[in-house]
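Overview (structure and organization)
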Amino acid sequence: MESSRQSKPIGVFDSGIGGLTVVRALTRHLPSENIVYFGDTARVPYGPKSPQVVREYAVEDTGFLMSHDVKMIVVACNTVSSVAMDLVMKKAGVPVAGVILPGARAAAAATKNRKVGVIGTVGTISSNAYPNAIRQLDPSIHVISQACPLFVPLAEEGWTDHAATALIAKEYLFPLKREKIDTLVLGCTHYPVLSEVISGVFDGKVTLIDSGESTAMEVARVLDEHDMRNSSRARPHVRFFVSDIPRKFTEVGERFLGRTLGRVRRAEGF
Ligand code: DGL
């Protein structure tokens, strides 16, 4: 394969800022790859919206990334991955990876007592995408799901070490603790930021599955399958685009990405 295709960027999109946790995992596992990120900050959150609306947005987000000539697309948003993978694949015409299957595989591999918890937005939990994927891998696994919508604003506020967050986490996660899950899927881009407080509810005794981490490994597999790994020695770039003015994205983004973002541009056409 011609090297120009290999050096094309990977396109990553999310409803907003949360997908930076996936970019963080991607840059850790695939440090030579160029990345174009799109965060739909003008229309976030996707979590409470209907599947129909999320599907429409997903097609537009995919179109934006395709206009940047990406070699593959990563759907970082769990809500989109739950309800719109078919449309994204149709629109993209390049390989596509979502976060559900990699997260489900990691959870099925990790559980010992076959009791897995899944937390996510209302959209992700209502879709049953994670339980369906986990049960397809192993029908004997009991999956307990819980929507945790307040985690998104708490993560964005940076309330990672706050008594109010601990209280809300305890309330949300009580049904999963009662069922004695041994594995918990963080089925939302924002939740890895709160992993300490979430783990604390289970006294550190539950294996947390970060779908972003599992997805990065899946992306590596897809790139190898298509002989698309970037072998160029040029310094890789990560370009950020958002659909609203970039101010908040830049401020909060560092916490999600784990480093400074550099320039963030406003995407045209939104
Ligand atoms: N990115 C979304 C997800 O992973 C969370 C934020 C939102 O509701 O848009 O489901």
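Above this text sits the structure in question.
These lines cover the structure that appears in this document, whether it is placed above or below. All values reported here derive from a predicted model rather than from experimental measurement. (Residues numbered from 1 in each chain as written. Predicted model: local features only at pLDDT ≥ 70, side-chain atom pairs only at ≥ 80, totals over all residues. Heavy atoms only, no water.)

1. Brief notes about helix α12 (residues 211–225)
Note the following rule: Each helix corresponds to a stretch of at least 4 residues labelled H or I by DSSP, and each strand to a stretch of at least 2 residues labelled E; elements are numbered beginning at the N terminus. An expected span of 1.5 Å times one less than the residue number is assigned to each helix. Buried, partly exposed and exposed residues are distinguished by accessible area as a fraction of the type maximum, computed with a 1.4 Å probe on protein chains only: under 20%, between the cut-offs, and over 50%, respectively. The term polar contact refers here to a pair of N or O atoms within 3.5 Å; inside protein, the definition further demands a hydrogen-donor-capable atom paired with an acceptor-capable atom, and it admits residues adjacent in sequence only when both atoms are side-chain atoms.
The first and last C-alpha atoms of α12 sit 21 Å apart over 15 residues, in line with the 21 Å expected at 1.5 Å per residue. Extensive coverage of α12 is indicated by the burial of 11 of its 15 residues. All of the buried residues along α12 are Ser211, Gly212, Glu213, Ser214, Thr215, Ala216, Glu218, Val219, Ala220, Val222 and Leu223. With a side-chain oxygen lying 2.9 Å from the backbone nitrogen of Gly212, the N-terminal cap of α12 falls on Asp210. Asp227 lies just past α12 and shows a positive phi near 50°.

2. Structural notes on empty space enclosed by the protein
Short version of the rule: The rule is simple: put a 1 Å grid over the protein atoms alone, call a set of points where a 1.4 Å probe fits but cannot get out a cavity, call an open set with protein on both sides within 12 Å along at least five of seven lines a pocket, and count a residue as lining if it has an atom within 4 Å of a point. Grid points are joined across faces, edges and corners, and a volume is the space filled by probe spheres set on the points. Gly is placed with the polar residues, together with every amino acid not listed as nonpolar (Ala, Val, Leu, Ile, Met, Phe, Trp, Tyr, Cys and Pro) or charged (Asp, Glu, Lys and Arg).
Evaluation of the coordinates by the stated rule reveals 1 cavity of 30 Å³ or more. Put simply, the largest cavity is a space of about 40 Å³. In this structure, the largest cavity is lined by Thr21, Val22, Asn78, Val99, Leu186, Cys188, Thr189, Pro192, Asp210, Ser211 and Gly212. When contributions to the lining of the largest cavity are tallied by element, the ones reaching two or more residues are α2 (20–29) and α12. In terms of residue class, the lining of the largest cavity is built from 5 nonpolar, 5 polar and 1 charged.

3. Looking at the pairing of strand β7 (residues 183–187)
To keep it simple, the criterion reads: When DSSP locates at least two bridges between a pair of strands, those strands are taken to pair. Here the term right-handed applies to a crossover when the path leading from its first strand over the helix to its second strand runs clockwise, the strands being oriented away from the viewer.
A large share of β7 lies buried, amounting to 5 of its 5 residues. Side chains of β7 alternate between two faces, with Thr183, Val185 and Gly187 and Leu184 and Leu186 buried alike. Relative to β7, strand β5 (residues 115–120) runs parallel, the two being bridged by 5 bridges. Bridge pairing links Gly120 to Gly187 in β7. Judged from the 4 bridges that link them, β7 and strand β8 (residues 207–210) form a sheet pairing that is parallel. By the bridge assignment for β8, Thr183 is matched with Thr207. Considered for its hand, the β-α-β crossover made up of β7, helix α11 (residues 195–201) and β8 is right-handed.

4. What about the site of the ligand?
Here is the rule we go by: We call a residue near a given molecule or strand whenever any one of its heavy atoms falls within 4 Å of it. Here the accessible surface of atoms and residues is derived via Shrake-Rupley with a 1.4 Å probe, and residues count as covered only by protein chains that are part of the display.
Inspection of the region around the ligand gives 13 residues, with Asp14, Ser15, Tyr46, Gly47 and Thr79 positioned closest. Considered on its own, the ligand offers 300 Å² of accessible surface; in the complex 99% of this is hidden by protein. When the residues that make up the shell around the ligand are grouped by side-chain class, the tally is 5 nonpolar, 7 polar and 1 charged.

5. Comments concerning the sheet that holds strand β10 (residues 264–266)
Sheet strands associate in pairs through backbone hydrogen bonding, adopting either a parallel or an antiparallel arrangement. Heads up, the condition is: Two residues qualify as a contact provided that any one of their heavy atoms is within 4.5 Å of a heavy atom in the partner residue. Note on definitions: angles span 0 to 180 degrees between N-to-C directions of axes, and those axes are lines fitted to C-alpha atoms, for helices only across the stretch in contact.
Reading across the sheet, the 6 strands line up as β4-β3-β1-β2-β9-β10 and stay open at both edges, with parallel pairing between neighbours. The open sheet has two edge strands with one neighbour each: β4 (96–97) and β10. By the bridge criterion, 2 bridges tie strand β3 (residues 72–75) to β4 in an arrangement that is parallel. By the bridge assignment, Val74 is partnered in β4 with Ala97. The strands touched by α2 within the sheet are β1 (10–14), β2 (35–39), β3 and β9 (238–242), with β2 carrying the most contacts at an inclination of about 170°.

6. Topic: the layout of surface pockets
Considered as a void within the structure, the largest pocket measures approximately 270 Å³ in volume. For the lining of the largest pocket, the elements supplying multiple residues, two or more each, are α4 (78–83), α5 (85–92), β4, α6 (100–110) and α8 (129–137). Along the lines of polarity and charge, the residues of the lining of the largest pocket split into 12 nonpolar, 5 polar and 2 charged.

7. Quick notes on the packing of α6 against α12
Worth spelling out the cut-off: Angular relationships are summarised with four words: roughly parallel below 35 degrees, roughly antiparallel beyond 145, roughly perpendicular across 65 to 115, and oblique for the angles in between.
As a packed pair, α6 and α12 sit with axes 8 Å apart at the nearest point and diverge in direction by 105°. As far as their axial angle goes, α12 and α6 are roughly perpendicular. Across from Pro102, Gly103, Arg105 and Ala106 in α6, the residues of α12 making contact are Ser211, Ser214, Thr215 and Glu218.

8. Topic: the packing of α2 against helix α13 (residues 247–257)
Filter applied, for reference: Should the near helix be turned anticlockwise from the far one by less than a right angle, the crossing is termed left-handed; should it be turned clockwise, right-handed.
Interaxial distance between α2 and α13 falls to 8 Å at its minimum, and their mutual angle equals 45°. One way to sum up the angle between α2 and α13 is to call them oblique. Note on packing geometry: the crossing formed by α2 with α13 is right-handed. Together, Leu20, Thr21, Val23 and Arg24 of α2 and Phe249, Gly253, Arg255, Phe256 and Leu257 of α13 make up the contact between the two elements. Within the contact of α2 with α13, the residues separate by chemical class into 5 nonpolar, 2 polar and 2 charged.

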